[in-house]
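Listed below, chain by chain, are the residues.
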Amino acid sequence: MPSVELKAGAALPALKKTIVQRQIDCYSGVRPNSIHTDLEWAKQKGFPRTLVQALMSTAYVSQMMVKWLGAGFVQGGQISASFINPVYEGDTLTARAVVKSVEDVSGRPHVTVECWCENQNGLKTMVGSASGFTDQLRNKQ
Amino acid sequence: MIEFKTISYEVVQIGEEFRSDDFTVKPEDVDTFGYAVDDHDPWYFEDDDNERDSPYDGKITHPVLLGNLALFMRHNKYIVPAGLHAKIHCEFVAPIRVGMHVRVYGKLIDKYERRGRHYIVTRFETREEDTGQVLVRGNFTQMIFPQSGVHQHAKR
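Within every chain, residues take consecutive numbers counted from 1 along the sequence as written. Just so you know, chain letters begin at A and ligand numbers begin at 1, following the order they were written in. Under the rules for a predicted model, residues below a pLDDT of 70 receive no local features and side-chain atom pairs below 80 are neither given nor counted, while totals for whole chains, interfaces and linings still include all residues. Only heavy atoms go into the side-chain values, all of them from the structure, while hydrogens and water stay out.

Novice: What should I look at first to understand the interface of chain B and chain A in this one?
Specialist: Note on interface size: it is often stated as the accessible area lost on association of the parts. Here a residue-residue contact requires only that any non-hydrogen atoms of the pair lie within 4.5 Å. Counting residues at the interface gives 43 residues for chain B and 43 residues for chain A. Approximately 3400 Å² of surface area, both sides summed, lies buried where chain B meets chain A, with 57% of it carried by carbon and sulfur atoms. In short, buried area is how much 1.4 Å probe accessible area vanishes from two parts on joining, totalled over both. Sorting the residues of chain B by area buried against chain A places B:Y35, B:I88 and B:F92 first, and these three jointly supply 16% of that buried surface. For salt bridges, the criterion is a side-chain nitrogen of Lys or Arg within 4 Å of an Asp or Glu carboxyl oxygen. On inspection of chain B and its partner chain A, the count reaches two salt bridges. Note that A:K17 is salt-bridged to B:D38, the shortest N-O span being 3.9 Å. Between N or O atoms, a polar contact is any pair within 3.5 Å; within protein, one atom must be a potential hydrogen donor and the other a potential acceptor, and residues adjacent in sequence are included only when both atoms are from side chains. Linking chain B with chain A are 14 residue pairs in polar contact (both at pLDDT 80 or more). Think of it this way: any DSSP run of H or I at least four residues long counts as a helix, any run of E at least two long counts as a strand, and we number them from the N terminus. Listing elements by their share of the side of chain B that touches chain A, those giving two or more residues are helix 1 (27-37), helix 2 (42-45), helix 4 (67-71) and strand 5 (83-92) of chain B. In terms of residues, the side of chain B that touches chain A owes the most to one element, strand 5 of chain B, which gives ten residues. Relative to strand 5 of chain B, strand 2 (residues 78-83) of chain A runs antiparallel, the two being bridged by five bridges. Strands are labelled as partners when DSSP assigns at least two bridges between them.

Novice: Is there a simple way to explain the pairing of strand 4 (residues 108-118) of chain A in this structure?
Specialist: Regular strands place side chains that alternate from one sheet face to the opposite one. All names here are of chain A. Classification of residues uses two cut-offs on accessible area relative to the type maximum, computed with a 1.4 Å probe and protein chains only: under 20% is buried, over 50% is exposed, and between them is partly exposed. By the criterion of burial, strand 4 is predominantly enclosed, with eight of the eleven residues buried. With eleven bridges connecting them, strand 3 (residues 92-105) and strand 4 associate as antiparallel partners. Each residue of the ladder has a partner; that of A97, found in strand 4, is C115. Hairpin connection from strand 3 to strand 4: two residues lie between these consecutive antiparallel strands, with S106 at a positive phi of about 55°. Two elements, strand 4 and strand 5 (residues 124-133), share nine bridges in a ladder whose sense is antiparallel. Bridging across to strand 5, V111 finds its partner in G132. If you look at the hairpin formed by strand 4 and strand 5, you'll find five residues sitting between the two strands, and G122 has a positive phi there, around 85°.

Novice: I would appreciate a short explanation of the nonpolar core in the present structure.
Specialist: Proteins that are soluble and globular tend to have nonpolar side chains buried together. Formed by 73 residues in total, the largest nonpolar core has its most connected members in A:L12, A:I19, A:M65, A:W68, A:V113, B:V25 and B:F124. If you tally residues by element for this core, the top one is helix 3 (residues 55-69) of chain A, at ten residues. If sequence neighbours within four positions are ignored, B:V25 has contacts with B:V30, B:T61, B:L65, B:L66, B:I96, B:R97, B:V98, B:G99, B:M100 and B:V102. Within the second largest apolar cluster, 13 residues are counted, among which are A:I35, B:L84, B:M143 and B:F145. Joining through side-chain atoms within 4.5 Å is the link that ties buried Ala, Val, Leu, Ile, Met, Phe, Trp, Tyr and Cys residues into a set, and such a set is a nonpolar core.

Novice: Help me understand the packing of aromatic side chains in this model?
Specialist: Centre distance and the angle of the planes are the two values used to describe a pair of aromatic rings. Within 6.5 Å between ring centres, the rings of Phe, Tyr and Trp (the latter by its six-membered ring) count as paired, and their orientation is classed by plane angle as stacked under 30 degrees, edge-to-face over 60, tilted in between. In total, this model carries six aromatic pairs over all chains according to the counting rule given. Between A:Y27 and B:F33, the aromatic rings sit 5.5 Å apart at their centres with planes inclined by 45°, giving tilted as the arrangement. Placement of A:Y27 in helix 1 (residues 21-28) and of B:F33 in helix 1 is noted, with the two residues assigned to different chains. B:F33 sits in the buried class, given a relative accessible area of 7%. The side chain of A:R108 reaches across the aromatic face of A:F133, ending 3.9 Å from its centre. The criterion for a charge sitting over a ring is simple: Lys NZ or Arg CZ within 6 Å of the ring centre, and within 35 degrees of the ring normal.

Novice: Explanation requested: the pattern of salt bridges in the structure shown.
Specialist: When charged atoms on two side chains of opposite charge get close, those side chains can pair. All chains considered together, the criterion is met by 14 salt bridges over all chains. Ionic pairing is found between A:E5 and A:K7, a salt bridge with its closest N-O pair at 3.9 Å. You can call A:K7 partly exposed: its relative accessible area is 46%. B:D49 is the partner of B:R52 in a salt bridge, and the nearest nitrogen-oxygen pair spans 2.6 Å. Here B:R52 pairs with B:D49, and both are found in helix 3 (residues 49-52), just three residues apart, close to one helical turn.

Shown next, in the form of structure tokens:
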């Protein structure tokens, strides 16, 4: 992972994901009467296509944070997210994060990032924050 | 025979407790999750210690691997035709590993109506059953679909 400066405003490398139905099936489990895996049911509920489960977006944030902070996220990391727009099968999401603050927490260096996912039209689908400790960075920078 | 009620804003009560099924984390769960979210970090998949280059002794799993186990707790008490996830807060306390025997414990801590939509808030802890070790804790907010089945937002 390229070096990310530990200062407010520094951006983490973005992650881009195009989500196909098979991935939704694997994440959510194939069930009848599911807005995630049953297209007819999703349409009955008013959606144009099956919905990507919102939690999948937190997995992208987790991926960015584990790649960067390593054990400092696996043990002591946090994610807070609001899901503000639906994500549909076939959408391409870009997960982004920008350093918001760096401070000491319980005597350990700690970082908080603002994070979000946006779809191929630039519409934000998830907004929130993530945090963790910076004393065990991967690929020491 | 136990008859499950269909979940609704009126039926669920603040203070109500939930418990997931017990679940043993299997290698195929990690494989499937890795494919689903397209995350093949060597910490989760690499057997070779040098290739893995991890501070952990052996492989761990994606920290968010067990998210759905928490969400599905309510399915053990109710018929849940559909719902939408509105918010989540997660704290990752300890690494999850293949072979762990886990369960999620939850409690409904709030329910509210906003702009004609119904929401429930559940606090949860995912624990390793054998040791009681907390692995992940947090809370999540879900929107419950009305009996009519369709919210206006779905038509966007």
